[in-house]
Amino acid sequence: MSEATPVTQTAEIDLGGQRGQVLRQIARNPLGVVGGLLLLAVVLTAVLAPLLAPYSPEQVHFDTPFQRAFTVGFPLGTDDLGRDILSRIVYGTRVSLLVGALAVLLAVVVGTPLGLLAGYVGWVDVIVSRLTDLTLAFPFLIIAVGLAAINGPSVGNAAVALGIAQVPTMVRVVRAETLRHKELEFVLAARSLDAGGGRILGQHILPNALSAVIVQATVIMPVAVIGEALLSFLGLGIQPPTPSLGIMLSDAQQYIFRAPTAAVFPGLAIAVICLGFNLFGDALRDALDPTTRKR
Amino acid sequence: MPSAASTPLLRITDLEVSYHGTPVLHGIDLTVAEGERVALVGESGSGKSTTAAAVIDLLPAGGAVTRGRIEYRGDDVTHADDKRMRRLRGRQVGLVPQDPMSNLNPATRVGKQIAETLVAHGVASGREARKRAVELMGEAGIPDADKRSKQYPHEFSGGMRQRVLIAIALACEPDLLVADEPTSALDVTVQRRILDHLETLRSRRGTSMLLVTHDLGLAADRADRVVVMQHGRIVEDGPAHELLRDPQHEYTRRLVAAAPSVSTATRTGAVATSDEDPQQDKGLEPILVAEHLTKEYSVRGRRERLTAVDDVSFAVRAGTTTAVVGESGSGKTTVARMVLGLETPTSGEVRVAGEHVATAKGAQRRAIRRAMQPVFQDPYASLNPMFTVEHIVDEPLRVFDVGDRRSRRARVAELLDHVALPRDLAQRHPNELSGGQRQRVAIARALALDPRLVVCDEAVSALDVLVQDQILTLLGDLQRDLGLSYLFITHDLAVVRLVAHDVLVMQQGKVVEAGTVDDVFERPGSDYTRELLAAIPGADVFT
């Protein structure tokens, strides 16, 4: 390419331009669009829960238990106490996303700095990597049970347990990105300016590793959502009567033959949430991958 | 050969190749006669590799021939089916690919990979194929072929792997050899040995060759006819020596003028000549002094330590350029890193403007940093992709707390002027710039703190020849205007002749020769330097 060759992407100046490029790349991927729409629907459901739900999720109708789906007044039927399943799913989605988001936040806030330091400072790497191995050796259920035993089961504890379980993968992703970037020449250039470690990590490596962090967050999110359902199912997470998809599944198994739809719909909701995140995360990874993007 | 003139071995007529509907080749007409060597020359993006790929129907995904014909011995193979193409590839047309590192299967023994070609084309099978593979390796110049055929690719050096690829390409005795930059990943001396050997094999069999290269000198040395391409079109076509001595097309003229061949040493005059300054540097402490630099690495699993740099001493006089030349593994980059303070020498010392780089602390260290700045090889990796150009050039000023926001902005504009970049590029990101523009940004960043010494680590090696010429001219202008000194690390002797006053030739960590550029080039004192000089392709064509 000669000097005079005009630049193909013109007028895209600030970061907004790059973001637009990524979104356009996702829009070109049909699966990404499906994932994005599912995600949008899930998030809107959670945010607009009070508007969407026909009843309060905890309101019981003792005169109409075990209603089938598509009954007038109860679109998805009712459970053993006559609570509206649609309302409970809508609020349950809210709780699932909240716990998922908290877990992701914890993993990002703890994992990213540890990963950066482990990738950049030799002796930190030795400590952090061994701790990471140690954490990975513990099944996260044991951590969750331990936390529940100490503090009692709650939303917060579920989120902490799920977050801790995801910290090691985040550390590894960020560490790998750091190792890769610190050998690049722009980092060498900064080092030969005597730029401090903080400046190099914060301004040069972190912004470049951020796309990997975002992608990893979209991978962690569905795992955390399923984890929340699992913990609640086992009684270690959300406590009744607060609605949670996991609790709904756990309740429904007692009368699975009498009212199978009471288990089917919360299960579907979990599937939709996870599918949305996974599809969107895949498309995001492809869009951010420098090998698929033009230089 | 009268019959060859009527039906050439390969005839391409009006070829158009498109990627996703956008044409990248616009009507290529090309013939290769029986036994003829044709070189396709051009810069990156000119379409030379695409042309070669179209011949063997190996266009990357998304590419397709949208117009024109490709004939092999008068037989139209433009849209031939897989069966025909399989017969064509290997048996009739052999391919020598560019990168010897990635074109061999790392998990299969080398001999088996050659035998595989023979088996696939039904030339030989079983034990006979293995025996023939060993013979082919021997013919390709691999010593101890019997033993080495049982080794894996990672046990071979780059040059040896390229020989294996040549053996594979020639295994079925094709009539046409397509060589896509066959030696551009290799050192010059290795390149020369391999091309010499390829030429012996080729001429013995009377094979035709289509050689794709960016190196005009190489084309002149190794081809009968040179075809110059630009922007997907052929701009000039003619006998190699005539075309390069007396180019007709304006683009070819520019290419030839920019080629840093050895004999065009005094061409630009941009760099101050070495005989101007002897009285000037008298009594001046050299800007950079390296004394008895040694760097040892411990290699995992081995007891003795690897000596990457062995007792290297040199000095860079103020306002001049000292070049460090060597092939890969010679330790030249390690020297650059020790000078920059990115690596600590095992023993010996580096002084910049009188201060010791390795031991300086606080204010002294900052003074060294301000006096010395690097420019690196890869313009794609040396700029942070998240920053704007202004932010990149501004960073040294921010690190050293120079001025306020307004004065820094003015300084950035001034620096962009210095490197001849339009000021409105300041808000762009690196991925919106061309390779040459990026390297100018890297130079602007290096100049931000008014350094006295710039360490250029292969600073022009990744650039196309025209851009390389522009950057070298820029470096020369800056030296004259700002009195800069350069430590110029490179593998390219031709470039050294253009820019350097003093030269240091390194081999396996040791300095084998040092002196002024004229002494080293006119009266080389060591065999190695002589070998390096002789290996520069195309030296005789441009004299």
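Source: prediction; values computed, not measured. (Residues numbered from 1 in each chain as written. Chains lettered and ligands numbered in written order. Predicted model: local features only at pLDDT ≥ 70, side-chain atom pairs only at ≥ 80, totals over all residues. Heavy atoms only, no water.)

Visitor: With reference to specific residues and values, describe the sheet that holds strand β6 (residues 93-96) of chain B.
Guide: Residues and elements named next belong to chain B. The sheet built from 6 strands is open, its strands ordered β6-β7-β8-β3-β9-β10 with mixed pairing. Since the sheet does not close on itself, it has two edges, and those belong to β6 and β10 (233-239), each with one partner. Neighbour to neighbour, the strand axes of the sheet diverge by 15° on average, direction disregarded. Sheet topology places β6 next to strand β7 (residues 176-180); 4 bridges connect them, and they run parallel. Following the sheet pairing, Val-93 is matched in β7 by Leu-176. Where helix α7 (residues 158-170) meets the sheet, it contacts β6 and β7, and its direction lies at approximately 170° from that of β6. (Pairing = 2+ DSSP bridges. Helix = DSSP H or I, 4+ residues; strand = E, 2+ residues; numbered from the N terminus. Axes fitted to C-alpha atoms, helices over the stretch in contact; angles between N-to-C directions. Contact = heavy atoms within 4.5 Å.)

Visitor: Lay out the sheet that holds strand β14 (residues 347-352) of chain B in plain terms, naming residues and giving numbers.
Guide: All names here are of chain B. A sheet is described by the order of its strands in space; here 4 strands give the open sequence β12-β11-β14-β15, paired in antiparallel fashion. Of all strands in the sheet, those bounded by a partner on one side alone are β12 (306-316) and β15 (355-356). In this sheet, β14 lies alongside strand β11 (residues 288-297) in antiparallel orientation, the contact comprising 5 bridges. For Thr-294, the partnering residue across the bridge sits in β14 and is Ser-347.

Visitor: How would you sum up the nonpolar core? Please name residues and give values.
Guide: Residues and elements named next belong to chain B. If you look at the biggest cluster of nonpolar residues, it comprises 103 residues, and the most contacted ones within it are Ile-443, Phe-488 and Val-503. Sequence-distant contacts of Ile-443, that is, excluding residues within four places in its chain, are made with Val-375, Val-419, Ile-471, Leu-474, Leu-475 and Leu-478. Val-316, Val-335, Leu-342 and Val-357 belong to the second-largest nonpolar core, a separate cluster that totals 32 residues. (Core = buried A, V, L, I, M, F, W, Y, C linked by side-chain atoms within 4.5 Å. Buried < 20%, exposed > 50% of the residue type's maximum accessible area, 1.4 Å probe, protein only.)

Visitor: So what about the packing of helix α4 (residues 85-120) of chain A against helix α5 (residues 122-137) of chain A? Which residues, and what values?
Guide: Residues and elements named next belong to chain A. Between α4 and α5, the least distance of the axes is 6 Å, while the angle of their chain directions is 130°. Here α4 is positioned oblique relative to α5, judged by the angle of their axes. Touching Leu-114, Leu-117, Ala-118 and Tyr-120 of α4 are Gly-122, Val-124, Asp-125 and Val-128, all from α5. Of the residues that constitute the contact of α4 with α5, the class distribution is 6 nonpolar, 1 polar and 1 charged. (Parallel < 35°, antiparallel > 145°, perpendicular 65-115°, else oblique. Nonpolar A, V, L, I, M, F, W, Y, C, P; charged D, E, K, R; others polar.)

Visitor: Account for the pairing of strand β18 (residues 485-490) of chain B, with residues named and values stated.
Guide: Residues and elements named next belong to chain B. Here β18 lies mainly inside the structure; 6 of its 6 residues are buried. Across the two faces of β18 the burial is the same, with Ser-485, Leu-487 and Ile-489 and Tyr-486, Phe-488 and Thr-490 all buried. Looking at chain direction, strand β17 (residues 453-457) and β18 are connected through 5 bridges and run parallel. Residue pairing across strands places Val-455 opposite Leu-487, the latter belonging to β18. For the crossover that starts at β17, traverses helix α17 (residues 465-482) and ends in the parallel β18, the hand is right-handed. (Right-handed = clockwise from strand over helix to strand, strands pointing away.)

Visitor: Account for the packing of helix α2 (residues 30-47) of chain A against helix α11 (residues 261-288) of chain A, with residues named and values stated.
Guide: Residues and elements named next belong to chain A. Running from N to C, α2 and α11 point in directions that differ by 135°, and their axes come no closer than 7 Å. Considering their axes alone, α2 and α11 lie oblique with respect to each other. Between α2 and α11 lies a crossing of left-handed hand. Contacts between α2 and α11 involve Leu-31, Gly-32, Val-34, Gly-35, Gly-36, Leu-38, Leu-39 and Val-42 on the former and, on the latter, Val-272, Ile-273, Leu-275, Gly-276, Phe-277, Leu-279, Phe-280 and Ala-283. Taken together, the residues that form the contact of α2 with α11 break down as 12 nonpolar, 4 polar and no charged. (Left-handed = near helix turned anticlockwise from the far one by under 90°.)

Visitor: Please provide a residue-by-residue account of the interface of chain B and chain A, values included.
Guide: Buried accessible area, meaning the area lost when the parts come together, often serves as the stated size of an interface. Facing the 39 residues of chain B at the interface are 27 residues of chain A. Here chain B meets chain A over a buried area of about 3,200 Å², counting both sides, of which 51% is carbon and sulfur. Of all residues in chain B, Leu-342, Met-386 and Glu-432 of chain B bury the most surface against chain A, accounting for 17% of the area lost on that side. The interface formed by chain B and chain A contains 1 salt bridge. The salt bridge involving Arg-199 of chain A is made with Glu-395 of chain B; its shortest N-O contact spans 3.5 Å. For the interface between chain B and chain A, the tally reads 7 residue pairs in polar contact (both at pLDDT 80 or more). (Buried area = accessible area lost by both parts, 1.4 Å probe. Salt bridge = Lys/Arg side-chain N within 4 Å of Asp/Glu carboxyl O. Polar contact = N/O pair within 3.5 Å; in protein donor to acceptor, adjacent residues only side chain to side chain.)

Visitor: Go over the environment of Val-412 of chain B with me, naming the residues and quoting the values.
Guide: Residue and element names in this part refer to chain B. Tracing the backbone shows Val-412 in helix α15 (residues 405-418). Judged by relative accessible area, Val-412 falls into the buried class, the value being 2%. Taking the C-alpha atoms as reference points, Val-412 and Ala-318, 94 residues apart in sequence, are found 25 Å from one another.

Visitor: Lay out the UniProt feature "transmembrane region" (unreviewed entry) in chain A in plain terms, naming residues and giving numbers.
Guide: All names here are of chain A. The UniProt feature table records "transmembrane region" (unreviewed entry) at residues 31-53, 97-124, 131-150, 209-235 and 255-280. Annotation note: span residues 31-53, helix share 91%, strand share 0%, distance between end C-alpha atoms 29 Å. As annotated, residues 209-235 has a helix share of 93% and a strand share of 0%, and its two end C-alpha atoms lie 37 Å apart. (UniProt positions renumbered as here; feature names shortened; annotations may be inferred.)

Visitor: Before we move on, can you summarise the pattern of salt bridges with the specific residues and values?
Guide: Residues and elements named next belong to chain B. In this structure the tally under the stated criterion is 50 salt bridges over all chains. Among the salt bridges present, the one from Glu-531 reaches Arg-193, with a minimum N-O distance of 3.2 Å. Within this pair, whereas Glu-531 is found in helix α20 (residues 527-535), its partner Arg-193 is found in helix α8 (residues 188-205), the two being separated by 338 residues in sequence. By relative accessible area, Glu-531 is classed as partly exposed at 34%. Two residues, Asp-481 and Arg-480, come together in a salt bridge whose shortest N-O distance is 3.9 Å.

Visitor: Pulling in residues and values, what's your account of the confidence of the model for chain A?
Guide: All names here are of chain A. The predicted model of chain A has a mean per-residue pLDDT of 83, with 91% of residues at 70 or higher. Within chain A, the element-level pLDDT minimum falls on helix α1 (residues 15-27), averaging 68, and the maximum on α4, averaging 92. For the stretch residues 1-16, pLDDT sits under 50, and the model shows 21 contacts to residues farther than four places along the chain or on other chains. (pLDDT = per-residue confidence, 0-100.)

Visitor: Tell me what's going on with the UniProt feature "domain: ABC transporter" (unreviewed entry) in chain B, and back it up with residues and numbers.
Guide: Annotation from UniProt places "domain: ABC transporter" (unreviewed entry) at residues 10-256 and 288-533 of chain B. As annotated, residues 10-256 of chain B comprises 38% helix and 27% strand, and the C-alpha atoms at either end are separated by 27 Å.

Visitor: Give me the packing of aromatic side chains: which residues, what numbers.
Guide: What the rule picks out here adds up to 2 aromatic pairs over all chains. Ring centres of Tyr-55 of chain A and Phe-74 of chain A lie 5.2 Å apart, and the angle between their planes is 25°; this geometry places the pair in the stacked category. With a gap of 19 residues between them, Tyr-55 of chain A in the loop between α3 (49-52) and α4 and Phe-74 of chain A in the loop between α3 and α4 connect regions that are remote in the sequence. Residue classification places Phe-74 of chain A among the buried positions, given a relative accessible area of 9%. With 5.0 Å between their ring centres and 70° between their planes, Phe-66 of chain A and Tyr-255 of chain A make a pair best called edge-to-face. Highlighted residues: Phe-66 of chain A in the loop between α3 and α4 and Tyr-255 of chain A in the loop between α10 (245-252) and α11, separated in sequence by 189 residues. Judged by relative accessible area, which is 8%, Tyr-255 of chain A ranks as buried. A cation over a ring is seen here: Arg-148 of chain B above Phe-156 of chain B, with NZ or CZ 4.2 Å from the ring centre. (Phe/Tyr/Trp six-rings, centres within 6.5 Å; stacked < 30°, edge-to-face > 60°. Lys NZ or Arg CZ within 6 Å of the ring centre and 35° of its normal.)

Visitor: Explain the confidence of the model for chain B to me, using residue names and the numbers behind them.
Guide: Residue and element names in this part refer to chain B. In this model, chain B carries a mean pLDDT of 83, and residues with pLDDT of at least 70 account for 93%. Counted against residues more than four places away or in other chains, residues 265-282, with its pLDDT under 50, gives 24 contacts. Under the prediction, the complex receives an ipTM of 0.73, its pTM being 0.78.

Visitor: Describe the environment of Arg-109 of chain B, listing the residues and the values that go with them.
Guide: Residues and elements named next belong to chain B. Position of Arg-109 among the secondary structure elements: in the loop between β6 and α4 (110-120). With 195 residues separating them in the primary sequence, Arg-109 and Glu-304 have C-alpha atoms 30 Å apart. Here Arg-109 is in contact with Ser-149, Lys-150, Gln-151 and Tyr-152, once residues within four sequence places are set aside.

Visitor: Quick one: what's the story with the UniProt feature "domain: ABC transmembrane type-1" (unreviewed entry) in chain A, residue by residue and with numbers?
Guide: The UniProt entry lists residues 93-281 of chain A under the feature "domain: ABC transmembrane type-1" (unreviewed entry), expressed in the numbering used here. Taken as a whole, residues 93-281 of chain A contains 83% helix and 0% strand, while its terminal C-alpha atoms sit 19 Å from one another.

Visitor: Report on unusual backbone geometry, specifying residues and quantitative values.
Guide: All names here are of chain B. Of note in this structure, Glu-181 is not a glycine but carries a positive phi near 45°. You can see Glu-181 is positioned in the loop between β7 and α8. In this model, Ala-353 sits at a positive phi of 50°, which is unusual for a non-glycine residue. Inspection of the secondary structure puts Ala-353 in the loop between β14 and β15.

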